[in-house]
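# A closer look at the structure
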Amino acid sequence: MHTCRLCIHGHFYQPPRADPFTGHIPREPDAAPYANWNERITAECYAPNAKAGNFGRISFNLGGTLARWLDGHAHATYERIVAAERDYREAHGVGNGLAQPVHHTILPLARRRDKICQVRWGIASFFHRFGHRPEGMWLPEMAVDYETLEVMAAEGIRFTILSDEQVRGDLEAGAGPYRVRLPGGGNIAVFMRDRHLSNALSFGMPDPACVDEWLQDQVAWRCHEGRLLLIATDGETFGHHHRQGVEVLDRILSAGRARSETGPSGRYGLTTLGVRLRQNPPQAELEVIENTAWSCAHRLDRWVVGCACTPGDSRWKGALRRALDNLACDLDGVYVQEAQRLGFDPWSLRDDYIAVVMGQVSGLAFLTGNGLGHLSSEETRRLLWLLEAQFHRQRMYASCSFFFDDLDRHEPRYAIANGVRALALTRYATGDDLSRSFRRDLGVAVSGRTGRTAADIFNEITTQAEV
């Protein structure tokens with residue numbers, strides 16, 4: 001019998017890089033020789049891993065914004081990933097893919113209704129691409145609170161992944177799964193990422209020729225009878241962050257498969273999280289340490305006010321978040337007012353709107369299917385503009401907008417650009433111009449590197465978009 005099982009989980013994600021006015025990604029010179037980072041990372045990571053068959057041997061989540069881009073711009077790679085998950089599910093009775101809240105929002109910082117929206121959109125995106133409902137969901141940056149877990153459980157999600165520093169309790173069962181009791185009743189399963197083993201691979205990846213030695217040094221001594229070892233890391237580790245990563249991953253997986261076939265002499269065998277949960281239901285319980293994440297040692301400060309995780313002056317983060325929060329409140333107010341006038345529930349309609357975004361149904365058919373087919377053509381146009389504004393309002397909160405050290409980068413610009421698009425759509429719909437207060441709030445956020453303010457970025461975006 002194998003002494004343990006090994007699961008490698010890859011978190012594959014890219015932010016929504018496209019200009020929200022044109023739908024095209026602007027040229028990103030720092031991604032040279034490629035036109036943008038999506039193209040470069042696809043060439044270095046997604047395409048070679050798909051071609052090597054690695055997606056059929058690991059646990060993974062494919063972020064909705066990345067999946068959408070791959071579908072349209074690297075379709076052969078996209079099809080390989082989808083087929084790998086389908087084949088795994090046919091062979092094992094459960095898939096190896098997890099869903100992800102669609103815009104990679106730091107969910108503990110979101111309102112409950114926005115948590116629900118992001119989780120529902122993530123589930124719908126997964127079903128649209130893989131053809132079945134997900135059993136697990138990846139939490140963006142592993143940021144967690146009990147309300148987020150309750151929302152996920154209410155939507156049918158059975159498990160997620162956390163890191164060992166985010167929980168209290170006995171971890172004698174290795175990676176688990178463990179049971180977390182929820183304050184409102186019910187429970188959800190959690191798997192524990194082995195932080196030290198994951199970091200050893202992510203930041204100290206060996207040369208391909210040294211994989212066997214690495215496995216002996218890092219994995220063998222951690223193996224215990226019946227336990228699961230879980231390596232969870234960014235999927236881009238394998239090929240983008242480390243050029244040798246595709247080959248190293250293949251060798252680790254091949255070694256595990258070989259051991260799986262050698263019977264009692266094997267040190268570990270491979271598995272995935274859905275299979276593990278079915279074979280080993282949770283026995284022990286853990287408590288969650290709320291408002292923590294895997295990529296910040298200061299709770300959630302990295303995405304709120306800034307912290308020592310990023311060098312330099314990061315006070316711009318609090319100012320940008322305040323500007324986005326104020327804009328979101330203004331946008332919601334206009335949308336709710338329209339919902340009250342027309343007599344529908346604004347949030348359930350918004351939750352279902354992802355079907356239009358994914359091209360499953362036209363806007364008119366969507367409204368008709370939700371009992372709003374009686375609206376006049378003018379009312380229909382207004383409402384569809386406001387729903388699209390809500391989509392871009394959600395996109396403003398992609399976690400990467402606050403992840404790095406400086407304001408004057410691609411990622412904060414994405415957030416501001418989606419805010420500008422939401423403003424424009426709202427003005428088209430109702431004539432309300434909410435831009436003055438947004439620009440005023442953005443003026444407080446200042447880049448410590450260039451001295452430019454978020455208002456300067458706003459002005460640049462509005463000039464280019466002619467809004």
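Residues numbered from 1 in each chain as written. Predicted model: local features only at pLDDT ≥ 70, side-chain atom pairs only at ≥ 80, totals over all residues. Heavy atoms only, no water.

The subject of this paragraph is the packing of helix H10 (residues 316-342) against helix H16 (residues 435-442). Two elements in contact, H10 and H16, have axes separated by 8 Å at closest approach and are oriented at 165°. It follows from the interaxial angle that H10 and H16 lie roughly antiparallel. Remark: the crossing between H10 and H16 carries right-handed chirality. Residues Ala319, Leu320, Arg322, Ala323, Leu324, Asn326, Leu327 and Asp330 of H10 touch H16, and the partners they reach there are Ser437, Phe438, Asp441 and Leu442. Split into classes, the residues belonging to the contact of H10 with H16 amount to 7 nonpolar, 2 polar and 3 charged. (Axes fitted to C-alpha atoms, helices over the stretch in contact; angles between N-to-C directions. Helix = DSSP H or I, 4+ residues; strand = E, 2+ residues; numbered from the N terminus. Parallel < 35°, antiparallel > 145°, perpendicular 65-115°, else oblique. Left-handed = near helix turned anticlockwise from the far one by under 90°. Contact = heavy atoms within 4.5 Å. Nonpolar A, V, L, I, M, F, W, Y, C, P; charged D, E, K, R; others polar.)

For the protein, the mean per-residue pLDDT works out to 94, and 97% of the residues sit at or above 70. Within the model, pLDDT remains below 50 along residues 260-266, and this stretch shows 10 contacts once partners closer than five positions in the same chain are excluded. (pLDDT = per-residue confidence, 0-100.)

Another point: helix H4 (residues 112-130). Spanning 19 residues, H4 covers 27 Å between terminal C-alpha atoms, matching the ideal 27 Å at 1.5 Å per step. The first or second residue beyond H4 is Gly131, which carries a positive phi of 80°. (Expected span 1.5 Å × (residues − 1).)

This brings us to the pairing of strand S8 (residues 227-234). Judged by how many residues are buried, S8 sits mostly within the fold: 6 of 8 residues are covered. Bridge count for strand S1 (residues 4-12) against S8 is 8 bridges, and the pairing is parallel. Within S8, the position partnered with His9 by the bridge is Ala232. (Buried < 20%, exposed > 50% of the residue type's maximum accessible area, 1.4 Å probe, protein only. Pairing = 2+ DSSP bridges.)

What follows covers the pairing of strand S6 (residues 178-181). Burial along S6 is one-sided: the residues Tyr178 and Val180 are buried and none of Arg179 and Arg181 is. Bridging between S6 and strand S7 (residues 187-193) involves 4 bridges; their strand directions are antiparallel. Paired with Tyr178 across the two strands is Val190, which belongs to S7. The turn joining S6 and S7, which pair antiparallel and follow one another in sequence, is formed by 5 residues; a positive phi near 105° is taken by Gly185.

To continue, consider the pattern of salt bridges. Evaluated as defined, the whole model comprises 37 salt bridges. The salt bridge involving Glu147 is made with Lys115; its shortest N-O contact spans 2.9 Å. Of this pair, Glu147 sits in helix H5 (residues 146-154) while Lys115 sits in helix H4, and the two are 32 residues apart along the sequence. The partly exposed category is assigned to Glu147, whose relative accessible area is 26%. Given the relative accessible area of 1%, Lys115 is considered buried. Put simply, Arg315 and Asp313 hold a salt bridge, and the shortest N to O gap is 2.7 Å. Arg315 sits in the exposed class, given a relative accessible area of 65%. Connected through shared salt-bridge partners, Arg111, Arg113, Asp114, Asp332, Arg350 and Arg393 make up one network. (Salt bridge = Lys/Arg side-chain N within 4 Å of Asp/Glu carboxyl O.)

Turning our attention to the side chain of Gln394. Following the sequence through the fold, Gln394 ends up in helix H14 (residues 377-395). If we skip the residues at most four places from it in the chain, Gln394 touches His103, Thr105, Asp114, Cys117, Gln118, Trp121 and Arg350.

Inspection of the secondary structure assignment puts Gln166 in the loop between strand S4 (159-163) and strand S5 (167-168). The class for Gln166 is buried, based on a relative accessible area of 0%. Setting aside residues up to four positions removed in sequence, Gln166 forms contacts with Met142, Val144, Glu287, Val288, Ile289, Thr292, Ala293 and Trp294.

As a further point, take the sheet that holds S4. The 3 strands lie next to each other as S4-S7-S6, forming an open sheet whose pairing is mixed. With one partner strand each, in any of the chains shown, S4 and S6 form the two edges of the open sheet. Averaged over all neighbouring strand pairs, the angle between strand axes comes to 45°, with direction disregarded. With 5 bridges connecting them, S4 and S7 associate as parallel partners. Paired with Ile161 across the bridge in S7 is Phe191. Along the sheet, H5 makes contact with S4, S6 and S7, crossing S7 at roughly 115°.

Mapped onto the elements of the fold, Arg276 is located in helix H9 (residues 273-279). Residue Arg276 is classed as buried on the basis of its relative accessible area, which comes to 7%.

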